[in-house]
Amino acid sequence: MRSEKLLLVGAGLSGAVIGRTLAEAGHSVTVIDKRSHIGGNCHTERDPASGVMVHVYGPHIFHTDDAGVWDYVNRYARFLPYKNQVKTTTRGSVYSLPINLHTINQFFGRTLRPEEAAAFIEDQADTSIEVPESFEEQALRFVGRDLYEAFLKGYTMKQWGCAPSELPASILKRLPVRFTYDDNYFFHRFQGMPEDGYTAMITRILDHPGICVLLDTPFEPGMAQDFDHVFYAGPLDGWFGYDAGRLGYRTLDFERFCERGDWQGCAVMNYGDVTVPWTRITEHKYFAPWERHDETVCYREYSRAAGPGDVPYYPVRLVAEKALLGDYAARAAEAERVTFVGRLGTYRYLDMDVTIREAMDTAAAFLAARTARKRVPAFVHAPL
Ligand SMILES: Cc1cc2nc3c(=O)[nH]c(=O)nc-3n(C[C@H](O)[C@H](O)[C@H](O)COP(=O)(O)OP(=O)(O)OC[C@H]3O[C@@H](n4cnc5c(N)ncnc54)[C@H](O)[C@@H]3O)c2cc1C
């Protein structure tokens, strides 16, 4: 196969994994990022004063059921055990999340066993709602008003900036309650934290003689002509200069503060009351429980609608966005010599393991298309 010149826009997980696979296949890979660091939103860096490893764009916990992805990340980093146990402060008390038997018994002042709790919650559920249409109706149908208002309503309003009655029921797909004392946030077989942080892992993925990384380098449309193919992990609407309008995102503001000792005793504390303006506080040293630090670094996290200069975090994907997305996706599908990848390129929320799996698939699809002398698809994973 002829060695080609490939441009990867974005030095996050998507760009790194695709770039590495294609460099190993003999291609000449250039990875650019407009930021001054690699790692995308998974970027981690040590706070120089305290030595605490900080998840700069918000907390990232690696979890997967995909053994291939787990093998992949373990090639580039040593993963140490980490269990995600989230707490929430609501109505003046602290509870365990996701809502589990401990939460139910504490909240209602009961000592219910699993079967009793299931029957109790069934009694709380609003069975007059036959076909839930909104998030609110879905929650009322599943858990009833008390749990909904204490644990789901305020947090959701702050996170999405609208009433849960305006959000689709599909956001709350399953019963958000467990009838055991298991408070591990994820059910996946593999879960852990890279010992030296995600940026060290992604540095190793990008460390290949066939890869050149250029930071502080925003993509300009004219760059594409110097390459045989572009993999674009930037925002889909950005590729078109936002000419049909901007796809909606939620952005996050982090109010950073440092203290001596411990601040909250856990990594993530949610705040369920709508009167508290932040959604959660993250205490970063708890993401590395094997380390010891005298000081601590915390982020108070606020969610709001993203403006043009903000970091796009969560795609909104309501009715209006889906119509605009359909328009951009149809135009993108016709584009030549470019493949749209990752969470921004396909306008979807993707966990890290899914991002890596899709990046592996994308690199394989490129190599297969070249072997078969077929067109490389604009989307290996479609946005809709
Ligand atoms: C708050 C938050 C918490 C999360 N927590 C978890 C978690 O606990 N577990 C989990 O599995 N996943 C988590 N994720 C998801 C995780 O962040 C993504 O899976 C991952 O970042 C996707 O990688 P990516 O390369 O597709 O995108 P990104 O990481 O966003 O990388 C895209 C890169 O492209 C660059 N770029 C964009 N436009 C341009 C341009 N025009 N020119 C040059 N460069 C450009 C950006 O600077 C960025 O570095 C979380 C996401 C968020 C928002």
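Residues numbered from 1 in each chain as written. Predicted model: local features only at pLDDT ≥ 70, side-chain atom pairs only at ≥ 80, totals over all residues. Heavy atoms only, no water.

J.: How should the overall build of the chain be read in this particular structure?
T.: Within the chain, the secondary structure is distributed over 10 helices and 17 strands. Computed over its C-alpha atoms, the radius of gyration of the chain comes to 22 Å, within 12% of the 21 Å expected for a compact globule of 384 residues. Burial analysis of the chain (384 residues in total) assigns 54% to the buried set. When the accessible surface of the chain is summed, it comes to about 17400 Å², and 51% of that surface belongs to carbon and sulfur atoms. Counting 42 positive and 50 negative side-chain charges, the chain places the averaged centre of each group 3 Å from the other. (Helix = DSSP H or I, 4+ residues; strand = E, 2+ residues; numbered from the N terminus. Rg over C-alpha atoms; globule rule 2.2 N^0.38 Å. Buried < 20%, exposed > 50% of the residue type's maximum accessible area, 1.4 Å probe, protein only. Areas by Shrake-Rupley, 256 points an atom, 1.4 Å probe, with all protein chains shown as cover. Lys, Arg positive; Asp, Glu negative; His and termini not counted. Charge placed at Lys NZ, Arg CZ, Asp CG, Glu CD.)

J.: What am I meant to see in the side chain of histidine 43 here?
T.: Along the chain, the position of histidine 43 falls in the loop between strand E2 (28–32) and strand E3 (44–46). Looking at histidine 43, its side chain comes within polar contact range of the side chain of threonine 199, at 2.7 Å. (Polar contact = N/O pair within 3.5 Å; in protein donor to acceptor, adjacent residues only side chain to side chain.)

J.: Would you explain the site of the ligand in this entry?
T.: Looking at the ligand, there are 32 residues lining it, with Ser14, Asp33, His60, Arg343 and Leu350 nearest. At a separation of 2.9 Å, an oxygen atom of the ligand approaches a polar backbone atom of asparagine 41. Residue proline 59 places a main-chain N or O atom 3.0 Å away from a nitrogen atom belonging to the ligand. For the ligand, the protein covers 95% of the area, taking 990 Å² as the surface of the free molecule. (Near = heavy atom within 4 Å.)

J.: In this structure, what is going on with helix H10 (residues 352–372)? I would like to understand it.
T.: An α-helical turn contains 3.6 residues, so a residue and the one three or four places further along point in the same direction. The end-to-end C-alpha distance of H10, which contains 21 residues, comes to 30 Å, matching closely the 30 Å that a straight helix rising 1.5 Å per residue would cover. Of all the residues in H10, the buried ones are Met352, Asp353, Thr355, Ile356, Glu358, Ala359, Met360, Thr362, Ala363, Phe366, Leu367 and Ala369. Backbone geometry just downstream of H10 places arginine 373 in the positive-phi region, at approximately 55°. (Expected span 1.5 Å × (residues − 1).)

J.: Sorry, what's going on with the packing of helix H2 (residues 67–76) against helix H6 (residues 198–206) here?
T.: Running from amino to carboxyl end, H2 crosses H6 at an angle of 90°, the nearest separation of the two axes being 8 Å. Comparing the axis directions of H2 and H6 gives the class roughly perpendicular. Residues Tyr72, Val73 and Tyr76 of H2 touch H6, and the partners they reach there are Met201, Arg204 and Ile205. Classifying every residue of the contact of H2 with H6 by side-chain character gives 5 nonpolar, no polar and 1 charged. (Axes fitted to C-alpha atoms, helices over the stretch in contact; angles between N-to-C directions. Parallel < 35°, antiparallel > 145°, perpendicular 65-115°, else oblique. Contact = heavy atoms within 4.5 Å. Nonpolar A, V, L, I, M, F, W, Y, C, P; charged D, E, K, R; others polar.)

J.: Please explain the nonpolar core as it appears in this structure.
T.: The tendency in soluble globular proteins is for nonpolar side chains to be buried as a group. Among the nonpolar cores identified, the biggest contains 72 residues, and Leu22, Phe62, Phe151, Met201 and Ile356 are the most heavily contacted of them. Beyond its immediate chain neighbours, meaning those up to four positions away, leucine 22 contacts Leu6, His27, Val29, Phe231, Ala363, Phe366 and Leu367. Counting residues in each nonpolar core, the second largest holds 25 residues, with Phe219, Phe227, Val316 and Leu324 among its members. (Core = buried A, V, L, I, M, F, W, Y, C linked by side-chain atoms within 4.5 Å.)

J.: Teacher, can you tell me more about the packing of aromatic side chains here?
T.: The description of an aromatic ring pair uses the distance of the two centres, along with the angle that the planes make with each other. For the coordinates displayed, the defined rule picks out 28 aromatic pairs. Ring plane angle 65° and centroid distance 5.7 Å describe the contact between tyrosine 95 and phenylalanine 107, whose orientation is recorded as edge-to-face. Placement of tyrosine 95 in strand E8 (residues 93–96) and of phenylalanine 107 in helix H3 (residues 101–108) is noted, with a sequence separation of 12 residues between them. Members of the aromatic cluster, each reached through a chain of ring pairs, are Tyr95, Phe107, Phe108, Phe120 and Phe151. (Phe/Tyr/Trp six-rings, centres within 6.5 Å; stacked < 30°, edge-to-face > 60°.)

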